[in-house]
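Residues per chain, in single letters:
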Amino acid sequence: MDTVSRLLSRAQLEATLEKHCLLGAGTRMDVAGYGELEVPFHVLLEGECRLHVGRQVFELRPGDVVLIPSGAEHRVVTAGPGERGTVETGGEAFVTTRSERGGDPVIDLFCGHFTVNAGTGALLFRSLPGAVHVSFGRSAETDEVLRGLSFLMRAEAGREGSGTAAILSALCTVLLAMVLRTARGTATADVLWTAVTDPGIASAVAGVLDDPGADWTIERLSRQVAMSRATFLRRFVRETGTTAGAFLTRARMMAAAQLLSTSDATVASVAGRVGYQSESAFSRAFRAELGTTPARFRRDRRR
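In this text, all values refer to a predicted model and were calculated from it rather than measured experimentally.

Colleague: An account of the overall build of the protein is needed here, citing residue identities and associated values.
Modeller: For the protein, the helix and strand inventory stands at 11 helices and 11 strands. Against the compact-globule benchmark of 19 Å for 303 residues, the protein has a radius of gyration of 21 Å, which places it among compact chains. For the C-alpha atoms alone, the extent of the protein along its principal axes is close to 65 × 45 × 35 Å. Every one of the 303 residues in the protein was classed for burial, and the buried ones make up 49%. Considering only contacts in the protein between residues 6 or more positions apart, those separated by 24 or more positions represent 73%. Here the protein holds 35 positive side-chain charges and 33 negative ones, and the gap between their average locations is 8 Å.

Put into structure tokens, the structure is as follows:
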């Protein structure tokens, strides 16, 4: 199984489409912050708008997707005189949001969030930038895929019948997979370790995810991909946005969280299976990454 598919499977994602926003000119829509295990996203199908996340401002065009792993509060603004708020109309599958005092819409925007588990899912999104902006409409290949998804999303939004929520959830998960595999370049300026393009670094990442309990060292990883130690370290940071050591720890904690959630193995056994000789060293690393002890993490998951 490829890296992105493996991560999404372990993260136990649940996608929820919350709003279909048809906003007119001069409209401001404020979005409150999300919970720790919730990751909001926005998909712009038509029109142009601005998305403010803290001090960052994203200029969105058709085919743009923004993922906000930090869950921070944010704001959608359409150009035009004045500043109108929004009104909402409830529905069975999602809410339809329009500008106050009506008017023709200038954007067609879908908004929702992903809910992830406290182990792999939390660590996966914590390893990404606070906000990820991907423009799928700027290449022929991704534009064709997005057009198909857009058609299905709009069709289901217009129908809003039996199965609509499930279908929209699945389509949103497809979009997330596309985001995670998008390498830095014309489509995004963000560094995503899930989309490494350097064959050697990609091989090292896959090797660690496949066997996190192996006796990995920088020397072993660099030899495996036929690079000098210095070259490997430099390329790893450039390709992933993190150090090899930090990535190894996070990959091991993802595997540990999976074992603690799905098996009856003791904490000491889990520690050994993810590459730790000392249970205490494992517990310290686990707590540093997930904010709780392995034993408490397991109790909370079972509860």
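That shown, we press on.
Colleague: Explain the sheet that holds strand β11 (residues 132-135) to me, and be specific about the residues and the numbers.
Modeller: The strand order β8-β9-β1-β10-β3-β6-β11 describes an open sheet built from seven strands, whose pairing is mixed. Each having just a single partner strand, β8 (86-89) and β11 make up the two edges of the open sheet. The sheet shows a mean angle of 20° between the axes of neighbouring strands, direction not considered. Pairing between strand β3 (residues 38-46) and strand β6 (residues 64-67): four bridges, direction antiparallel. Across the sheet, L44 pairs through a bridge with D64, a residue of β6. Sheet strands in contact with helix α4 (residues 164-180) are β1 (14-23), β3, β6, β10 (107-115) and β11, and its direction is about 95° off that of β1.

Colleague: Describe the nonpolar core, naming the residues involved and giving the relevant values.
Modeller: Counting residues in hydrophobic clusters, the biggest one holds 75 residues, and the most contacted among them are L67, W193, F232 and F282. Considering every element that reaches this core, the biggest residue donor is helix α8 (residues 244-262), with 11 residues. With near-sequence residues (within four places) excluded, W193 lies in contact with T3, L7, L124, S127, L128, V205, L209, T240, F247 and M254. Listed in part, the 17 residues of the second largest apolar core include M29, C49, I68 and C111.

Colleague: Which residues make up the state of the cysteines, and what are the values?
Modeller: Two cysteines whose sulfur atoms are joined by a covalent bond form what is called a disulfide. Following the criterion strictly, the structure yields zero disulfides and no others. Sulfur of C49: no disulfide; nearest cysteine sulfur belongs to C111 and is 8.7 Å away. The structure places no disulfide on C172, whose sulfur is separated from the nearest cysteine sulfur, that of C111, by 10 Å.

Colleague: So, the pattern of salt bridges: which residues are in play, and what are the values?
Modeller: With the rule as written, the count across this model stands at 16 salt bridges. Note that R238 and D198 form a salt bridge whose closest N and O atoms lie 3.9 Å from each other. With a gap of 40 residues between them, R238 in helix α7 (residues 229-240) and D198 in the loop between α4 and α5 (199-210) connect regions that are remote in the sequence. Here the salt bridges do not stand alone but share partners, grouping R28, D30, R75 and E83 into one network.

What counts and how
- Residues numbered from 1 in each chain as written.
- Predicted model: local features only at pLDDT ≥ 70, side-chain atom pairs only at ≥ 80, totals over all residues.
- Heavy atoms only, no water.
- Helix = DSSP H or I, 4+ residues; strand = E, 2+ residues; numbered from the N terminus.
- Rg over C-alpha atoms; globule rule 2.2 N^0.38 Å.
- Buried < 20%, exposed > 50% of the residue type's maximum accessible area, 1.4 Å probe, protein only.
- Contact = heavy atoms within 4.5 Å.
- Lys, Arg positive; Asp, Glu negative; His and termini not counted.
- Charge placed at Lys NZ, Arg CZ, Asp CG, Glu CD.
- Pairing = 2+ DSSP bridges.
- Axes fitted to C-alpha atoms, helices over the stretch in contact; angles between N-to-C directions.
- Core = buried A, V, L, I, M, F, W, Y, C linked by side-chain atoms within 4.5 Å.
- Disulfide = S-S within 2.5 Å.
- Salt bridge = Lys/Arg side-chain N within 4 Å of Asp/Glu carboxyl O.

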